[in-house]
Amino acid sequence: MPVNYATPAAHHLLPVAGIRLGVAEAGIRKKDRRDLCLFVLDPGCTVAGVFTQNRFCAAPVQLCQQRLAAGNEIRALVINTGNANAGTGEPGRRLAEATCVAVADLLGVAPASVLPFSTGVILEPLPVERLIAGLPAAQADLKLDNWHAAAHAIMTTDTVAKAASRQVTVQGKVITISGISKGAGMIKPNMATMLGFLATDAGIARPLLEKLVKETADESFNCITVDGDMSTNDSFVMLASGQSGAHFASEADAGWAEVKAAIMAVAVELAQAIVRDGEGATKFISVVVEGGKDVAECRLVGYAIGHSPLVKTAFFASDPNLGRILAAVGYAGIADLDVDGVRVWLESEGESVLVAEQGGRAVAYQEADGARIMQSPEITVRVDLGRGTATARVYTCDFSYDYVKINADYRS
């Protein structure tokens, strides 16, 4: 079960004018499950995205990158689960293109205006005939208020669907933001297997949206790690329909700061939900690194702690073997780190315990205090590097026996 997370009720997920969603059961890998999702965008929407940095990036990722780079007007997204269409070479690219052509024919739009997304098993050919056969049902299901169903239709090993909505009033207009994400394993920053789709009825000029999607990813999906494995298919896409009547072309525009903050909040909620539902997770861990010379070195330390199997298994066992955290700080890659200036705390539910300082164990620290905090389902590891004012935050989870079981049985 996810750590302190439940899918929002359908009525809490707000429709975004100009964007309709439809789902279907296409039987792409398993029968009797929603595994196909369509987004249909009204004319005038702007779209931007960021994608995995894995060099074996999937065929649909390659196609999305090409179409967004070309500046195409995007009219539809098509998402399938069960098969990643990754590690499939040129045949996989042809199947991704065939998917787009089928969607375009169905909707009466240009194939180049369709973006494909896939998630699931790698190194297997996409059963495109099943996908295409499922498209009419997904089209028939298109509605504005279908975010709850869409969140379920993009799941793979997720145990719960992940979704969020916000509203903010600026320029005298009510602006709506809704989003969904999926992911539970193969999660690592630099587009940590996850998919994320976030839509707003604000009008956002393409250059501003492209900047926003990168900044938002850096503060959300690039701050999470479950197992340190970077997927071939990671994609985070923003859609802006403009139908609220509020429009933004510059960061100096009135109300932009409020809209940006609300979009960031939705993305962080979706990213944290992925970690809370990490495969086999029993604890949600925030790693806060402060006192760095810059954000980059704070993130190095945060990722080193968050990726470490030794740290993560210690948290699963509530075993205060916290030398593992010090070791991760030490090998993170800060060559001139003065370890005598580093301090480490464990924190939970308002309680804070200083674990290490001056190069070793804090004088007042008792293992019973560490063990007590580690039993909490929500824990913060706070590290002060003592060398500057920069701060970064990384979200991770523990490793349990179930992580091995889930991944050993993934293809069965």
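Residues numbered from 1 in each chain as written. Predicted model: local features only at pLDDT ≥ 70, side-chain atom pairs only at ≥ 80, totals over all residues. Heavy atoms only, no water.

### Focus: the side chain of K182
Link 1 in the chain: Along the polypeptide, K182 turns up in strand 7 (residues 173-182).
Link 2 in the chain: Of the side chains bearing the opposite charge, D158 lies closest to the buried K182, which forms no salt bridge; the N-O distance is 4.4 Å.
Link 3 in the chain: At 2.8 Å, the side chain of K182 forms a polar contact with the side chain of T156. (Helix = DSSP H or I, 4+ residues; strand = E, 2+ residues; numbered from the N terminus. Buried < 20%, exposed > 50% of the residue type's maximum accessible area, 1.4 Å probe, protein only. Lys, Arg positive; Asp, Glu negative; His and termini not counted. Salt bridge = Lys/Arg side-chain N within 4 Å of Asp/Glu carboxyl O. Polar contact = N/O pair within 3.5 Å; in protein donor to acceptor, adjacent residues only side chain to side chain.)

### Digging into the packing of aromatic side chains
Link 1 in the chain: Scanning the entire structure with this criterion turns up seven aromatic pairs.
Link 2 in the chain: Here F39 and W147 contribute two aromatic rings whose centre-to-centre distance is 5.7 Å and whose plane-to-plane angle is 85 degrees, an arrangement assigned as edge-to-face. In this pair, F39 sits in strand 2 (residues 36-41) while W147 sits in helix 4 (residues 147-153), placing the two residues 108 residues apart along the sequence.
Link 3 in the chain: Taking relative accessible area as the criterion, F39 reaches 0% and is therefore assigned buried.
Link 4 in the chain: Through a chain of ring-to-ring contacts, the aromatic side chains of F39, F117, W147 and F197 assemble into a single cluster. (Phe/Tyr/Trp six-rings, centres within 6.5 Å; stacked < 30°, edge-to-face > 60°.)

### Section: the sheet that holds strand 17 (residues 390-397)
Link 1 in the chain: Strand order in this open sheet of six strands is 15-14-13-16-12-17, and the pairing throughout is mixed. In this open sheet, the two strands that pair with only one neighbour each are strand 15 (360-361) and strand 17.
Link 2 in the chain: As paired strands, strand 12 (residues 284-292) and strand 17 are joined by eight bridges and run antiparallel to one another. Residue pairing in the sheet places V288 in a bridge with R393 of strand 17.
Link 3 in the chain: Packed on one face of the sheet, helix 6 (residues 256-276) meets strand 12, strand 16 (378-384) and strand 17 and runs near 45 degrees to strand 17. (Pairing = 2+ DSSP bridges. Contact = heavy atoms within 4.5 Å. Axes fitted to C-alpha atoms, helices over the stretch in contact; angles between N-to-C directions.)

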